[in-house]
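# Observations on chain architecture
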There are 2 protein chains.
Amino acid sequence: MASNSNNPMTEAEDRFVTAWGQMGSAWGISRTMAEVHALLYITGDALCTDDIMARLEISRGNASMSLRALVDWGIVLRTHKRGDRKEYFVAEQDIWTMARAIVRERLKREVEPLIASLHEIRDVSTKSGADSEAIEAHNARIENLVAIFELIELLVQRFVSPSGEGLEAAAMLLQPSGQRGSEREGDGAGEDRP
Amino acid sequence: MASNSNNPMTEAEDRFVTAWGQMGSAWGISRTMAEVHALLYITGDALCTDDIMARLEISRGNASMSLRALVDWGIVLRTHKRGDRKEYFVAEQDIWTMARAIVRERLKREVEPLIASLHEIRDVSTKSGADSEAIEAHNARIENLVAIFELIELLVQRFVSPSGEGLEAAAMLLQPSGQRGSEREGDGAGEDRP
DNA sequence: GGTTGTTTTCAGAAAATACTGAAAACCGTG
DNA sequence: CACGGTTTTCAGTATTTTCTGAAAACAACC
């Protein structure tokens, strides 16, 4: 991060960028990609590649690739400003939309392939015909995994993916009593700057 | 993986080890650690360090560290065999217990620190006193994140962590109609063979 | 306390990942 | 279709992460 201005605003942003970057890398997302997202989200502005390069002190190539990935993930959008040839990028500002996109994407990229593998494995060990006690046990374990991951897939699809509502409702529903204070998460972040 | 025996059982195991290892690394867990876990889970046996080294073709140091980490995560247990000085390791076989341990641990390691950071950031930007429109918007975004992550924390704690039941029930509850075929996930993995 | 079998640690090596920068591709314009 | 501004690509390099192996620490035993 470039800025060392003692502006508390900027400091808060930098801190957030760092924290989000760390979280990202703990979950198998490249630190920089997470940082770019953090920057776009926390500023809420439409930034161009050069803005991002400057603020994060990264190369053009890196910025370009990270942005493309974020766009693929569906949590950052391309925009333009009239009379300006450059491309600008904005982060999806609604938190729930963002959460949905992330979860949906990870499901698709990592869970679904796993389920596919489990199916194949099941076939391999089932087809073998033999059935000692050990093989039975093995098959049972695979079945269990298939079951749990298919369940996860189903839940995610129902609550995160399709129509739109879902997670919020579920969350509310599952969380009966008080306990939360000041927020207003319904509409999510809002602020659609022009 | 060492074994290239054309034994279909072994092949299925190897495939599972590979698939689980990949999934692990996609989620920020070292591939080897996930593979060790996969091996212990899928065989269901109590294996000693040398077994694991041999089967996975890894060094003693690596095996030792991975095992320790798995034990820390609470998804692998140390055992002993009478008259044998070596330590043996078994994977938790109940899938729900395992899932709970994993989620609980990740919450603790990655979500809680993030929430802490968000709180600090909130303080930084709130304390600054100023309140232009931009700052308001910034604060609102941080609030939203705090809200969503605290909600996640709460849900996870309620459904995954403490007493024991929870996820299963929730899962069932949230999944009203038919649609799933052959499995029997109710009791969870079960199979405590003697 | 010495011996032996076993596990842990950790500095350095190897492998995997991410990043850079410059060249190539793109693209609207004149 | 040549030109300036802009984005993408990718070979090479740098950084980070993971792994190894041998030495040190343990621990049961005699």
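Summarised in this report is the structure supplied together with it. (Residues numbered from 1 in each chain as written. Chains lettered and ligands numbered in written order. Predicted model: local features only at pLDDT ≥ 70, side-chain atom pairs only at ≥ 80, totals over all residues. Heavy atoms only, no water.)

Time to look at the protein's contact with DNA strand C. Looking at DNA strand C, there are 18 residues lining it, with A:T32, A:S59, A:N62, B:R68 and B:E87 nearest. Close to the protein, within 4 Å, the atoms of DNA strand C are drawn from sugar and phosphate at a rate of 67%. The contact in question runs from a phosphate oxygen of DNA strand C to an N or O atom on the backbone of A:S59, over 2.7 Å. For DNA strand C, a phosphate oxygen lies 2.3 Å from a polar atom in the side chain of B:R68. Elements with a contribution of two residues or more to the surface near DNA strand C: helix 4 (60-73) of chain A together with helix 4 (60-73) of chain B. With 5 residues, the single largest contributor to the surface near DNA strand C is helix 4 of chain B. Of the residues contributing to the surface near DNA strand C, the split by class is 2 nonpolar, 7 polar and 9 charged. (Near = heavy atom within 4 Å. Polar contact = N/O pair within 3.5 Å; in protein donor to acceptor, adjacent residues only side chain to side chain. Helix = DSSP H or I, 4+ residues; strand = E, 2+ residues; numbered from the N terminus. Nonpolar A, V, L, I, M, F, W, Y, C, P; charged D, E, K, R; others polar.)

The residue B:T32 is located in helix 2 (residues 31-43) in this model. Ignoring sequence-local partners within four residues, the contact set of B:T32 consists of B:I58, B:N62 and B:S66. (Contact = heavy atoms within 4.5 Å.)

The next point concerns the packing of aromatic side chains. With the rule as written, the count across this model stands at 7 aromatic pairs over all chains. Ring centres of A:F149 and B:W20 lie 6.0 Å apart, and the angle between their planes is 75 degrees; this geometry places the pair in the edge-to-face category. Here A:F149, found in helix 6 (residues 133-159), pairs with B:W20, found in helix 1 (residues 8-26), and the two come from separate chains. On the basis of relative accessible area, A:F149 is assigned to the buried category, the value being 10%. (Phe/Tyr/Trp six-rings, centres within 6.5 Å; stacked < 30°, edge-to-face > 60°. Buried < 20%, exposed > 50% of the residue type's maximum accessible area, 1.4 Å probe, protein only.)

The environment of DNA strand D is made up of 17 residues, and the closest members are A:R68, A:R85, A:E87, B:T32 and B:S59. A breakdown of the atoms of DNA strand D within 4 Å of the protein gives sugar and phosphate a share of 60%. Note that a phosphate oxygen of DNA strand D is positioned 3.2 Å from one of the side-chain N or O atoms of A:S64. Mapped by element, the contributors of at least two residues to the surface near DNA strand D are helix 4 of chain A together with helix 4 of chain B. Of the residues assigned to the surface near DNA strand D, the class counts are 2 nonpolar, 7 polar and 8 charged.

All names here are of chain A. Here helix 1 (residues 8-26) is 19 residues long and its end C-alpha atoms lie 27 Å apart, about the 27 Å a rise of 1.5 Å per residue gives. Among the residues of helix 1, the N-terminal cap falls to N7, whose side-chain oxygen and the backbone nitrogen of M9 are separated by 2.6 Å. Within two residues after helix 1, G28 carries a phi angle of roughly 80 degrees, on the positive side. (Expected span 1.5 Å × (residues − 1).)

The analysis is restricted to geometry; functional conclusions fall outside its scope.
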